[in-house]
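A look at the structure
Here's the letter readout for the chains.
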Amino acid sequence: MRTDVYLRIRELMEARNLSASGAVHHLLRERFGLPPLPPFDQPTVSQDSHHG
């Protein structure tokens, strides 16, 4: 693994309290222009539901 990639993974692990695999997953989503997944401790809000 390249040093810059390793350091980025470590940075994400510490900043977002992620496992190594979670940090890699985050970087892959970022690379492909996908939004990051919400943390497990936050409730998800469906954007499909319309109340009214």
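Up top is the structure.
Residues numbered from 1 in each chain as written. Predicted model: local features only at pLDDT ≥ 70, side-chain atom pairs only at ≥ 80, totals over all residues. Heavy atoms only, no water.

1. Looking at the overall build of the protein chain
- Scanning the protein chain from terminus to terminus reveals 2 helices and 0 strands.
- Looking at the protein chain as shown, the accessible area adds up to about 4900 Å², and 56% of this sits on carbon and sulfur atoms. (Helix = DSSP H or I, 4+ residues; strand = E, 2+ residues; numbered from the N terminus. Areas by Shrake-Rupley, 256 points an atom, 1.4 Å probe, with all protein chains shown as cover.)

2. Examining helix H2 (residues 20–31)
- With 12 residues, H2 ought to run about 16 Å at 1.5 Å a step, and its terminal C-alpha atoms sit 16 Å apart, in line with that.
- Of all the residues in H2, the buried ones are Ala23, His26, Leu27 and Arg29. The buried residues of H2 all sit within an arc of 160 degrees when viewed along its axis, so they share a single face. Set apart from the buried face of H2 by more than 90 degrees, the exposed residues are Ser21 and Arg31.
- For H2, the secondary structure elements touched by its buried residues are helix H1 (3–16).
- Once H2 ends, the next one or two residues include Gly33, with phi positive near 75 degrees. (Expected span 1.5 Å × (residues − 1). Buried < 20%, exposed > 50% of the residue type's maximum accessible area, 1.4 Å probe, protein only. Arc of directions from axis to C-beta. Contact = heavy atoms within 4.5 Å.)

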